[in-house]
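Okay, here's what each chain looks like letter by letter:
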Amino acid sequence: MNPQVEVVIVTGLSGAGRGTAAKVLEDLGWYVTDNLPPELIGRLIELGAATEPPIRRLALVMDVRSRFFTGDLSAVTEQLRAQGVATRVLFLEASDDVLVKRYGFARRRHPLQSESADGTLVAGIAAERVRLAAVRAAADLVIDTTELSIHQLHRKLEEAYGGGAPAALQLTIQSFGFKHGVPLDADMVLDVRFLPNPHWIPELREHTGREGVVSEYVLSRPGADDYLRTAHHLIDLTTSGYRQEGKRYMTVAVGCTGGRHRSVAIAEALGEVTGADIGEGVVDVVRVVHRDLGRE
């Protein structure tokens, strides 16, 4: 086994946030599997090391739903560590009251509810606590999610498993034409139809906002520079807030009438100014795409 491989085993009480933790770890770059039989863990690590790029960080979600889960992870962790794999165990828990409320909201049945003496949810939770007592005692990190919001849990996991750096925030700037519809996945929509339309200038009509002749025209119009600086500042504020809330993707849609001239030019200019922020703690990746360019 390659000593550079890291494994975190995610377990804990049902309803305490294992699913959320799995999604966060996936966002942080971990390869996540759910209820993998222990016999296949070593094989998965070998297969991951042979891929390109190789899988160096593997998160294994294990719980009482699996017939392979015995409530004792010591054999699994000892075997992995003996093979040179850095292995940690994350245990998630919450109070009985909160777990009961969460199951009430989800309208789900606890996996051990039918095995308890009286078949109640409370009895199922109690049985699970007993079964997982040894796992909790041996865990490297125990997180009580009783009072935590999803974003607070995200930050705790990022601190513990993010590798010392916050997860990348990817910003996509997408031009579009309003006559073709507003992008459904847009987090922010900018309307640049207040700028003069190059479509009505014969020598510019057949060109696009990616070409200098149109870009120079659009960006030199009154209000264009102020709008660009204001949009940049707004994106800066929003992406900073997204980082605090644990969000890792943002799409800014820039629209004009047809998505050929003004929106394309402004989107390209926004891509340049926000791209200059990379490394400044604002964004990590900036992509500029043009949804409707070439559609007509």
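First, a word on what this report is: a plain description of the structure on this page. (Residues numbered from 1 in each chain as written. Predicted model: local features only at pLDDT ≥ 70, side-chain atom pairs only at ≥ 80, totals over all residues. Heavy atoms only, no water.)

The secondary structure content of the protein amounts to eleven helices and nine strands. Here the C-alpha atoms of the protein give a radius of gyration of 25 Å, more than 25% beyond the 19 Å that 2.2 N^0.38 yields for 296 residues. Dimensions of the protein along its principal axes, counting C-alpha atoms only, are 80 × 45 × 35 Å. Within the protein, buried positions represent 45% of all 296 residues. (Helix = DSSP H or I, 4+ residues; strand = E, 2+ residues; numbered from the N terminus. Rg over C-alpha atoms; globule rule 2.2 N^0.38 Å. Buried < 20%, exposed > 50% of the residue type's maximum accessible area, 1.4 Å probe, protein only.)

To continue, consider the packing of aromatic side chains. Inspection of the entire model under this criterion finds three aromatic pairs. Aromatic pair Trp30 and Tyr161: ring centres 6.2 Å apart, planes at 90°, arrangement edge-to-face. Residue Trp30 is found in the loop between helix H1 (18-27) and strand S2 (31-34), and its partner Tyr161 is found in helix H7 (residues 150-161); the two are separated by 131 residues along the sequence. Residues Trp30 and Tyr161 agree in their burial class; the two are buried. Consider the rings of Phe194 and Tyr227, whose centres lie 5.0 Å apart with planes at 50°: the pair is tilted. Taken together, the positions of Phe194 in the loop between strand S7 (188-191) and helix H8 (202-205) and Tyr227 in helix H10 (residues 224-245) put the pair 33 residues apart, joining distant regions of the chain. Taking the relative accessible area as the measure of exposure, Tyr227 reaches 23% and is therefore partly exposed. Positioned over the ring face of Phe178 is Arg193, at 3.7 Å from the centre of the ring. The ring of Tyr217 carries the charged tip of Arg221 above its face, separated from the ring centre by 4.1 Å. (Phe/Tyr/Trp six-rings, centres within 6.5 Å; stacked < 30°, edge-to-face > 60°. Lys NZ or Arg CZ within 6 Å of the ring centre and 35° of its normal.)

This part takes up the sheet that holds strand S9 (residues 285-290). In a beta sheet, neighbouring strands pair by backbone hydrogen bonds and run either parallel or antiparallel. Ordered by their spatial adjacency, four strands build an open sheet running S7-S8-S6-S9, and the pairing between neighbours is parallel. With partners counted over all chains shown, the strands left at the sheet margins are S7 and S9, one partner each. The sheet shows a mean angle of 20° between the axes of neighbouring strands, direction not considered. As paired strands, strand S6 (residues 170-177) and strand S8 (residues 249-256) are joined by eight bridges and run parallel to one another. (Pairing = 2+ DSSP bridges. Axes fitted to C-alpha atoms, helices over the stretch in contact; angles between N-to-C directions.)

Moving on: unusual backbone geometry. Cis peptide bonds are those with omega within 30 degrees of zero, and the linkage from Glu52 to Pro53 qualifies with 0°. In this structure, Asn35 takes a positive phi of about 55° despite not being glycine. Tracing the sequence through the fold places Asn35 in the loop between S2 and helix H2 (41-50).

A few words now on H10. Counted at 1.5 Å a residue, the expected span for H10 with its 22 residues is 32 Å, and the 31 Å between its end C-alpha atoms agrees. Turning to H10, its buried residues are Ala224, Leu228, Ala231, Ile235, Thr239, Tyr242 and Arg243. Buried positions in H10, seen along its axis, are confined to an arc of 105° and lie on one side of it. Exposed side of H10, more than 90 degrees from the buried face: Thr230, Leu237 and Gln244 are the residues found there. Contacts from the buried residues of H10 go to S6, S7, helix H9 (212-219), S8 and helix H11 (262-275). (Expected span 1.5 Å × (residues − 1). Arc of directions from axis to C-beta. Contact = heavy atoms within 4.5 Å.)

Below, the discussion takes up the pattern of salt bridges. This structure, assessed with the given rule, holds eleven salt bridges. Of the charged contacts in the structure, one is a salt bridge between Asp292 and Arg291, with a shortest N-O distance of 2.9 Å. For Arg291, a relative accessible area of 31% puts it in the partly exposed group. Here Arg295 ties to Asp292 by a salt bridge, and the two come within 3.0 Å at their closest N and O atoms. Among the charged side chains, a network of salt bridges with common partners joins Asp225, Asp226 and Arg229. (Salt bridge = Lys/Arg side-chain N within 4 Å of Asp/Glu carboxyl O.)

None of the figures reported here should be taken as evidence of function without further support.
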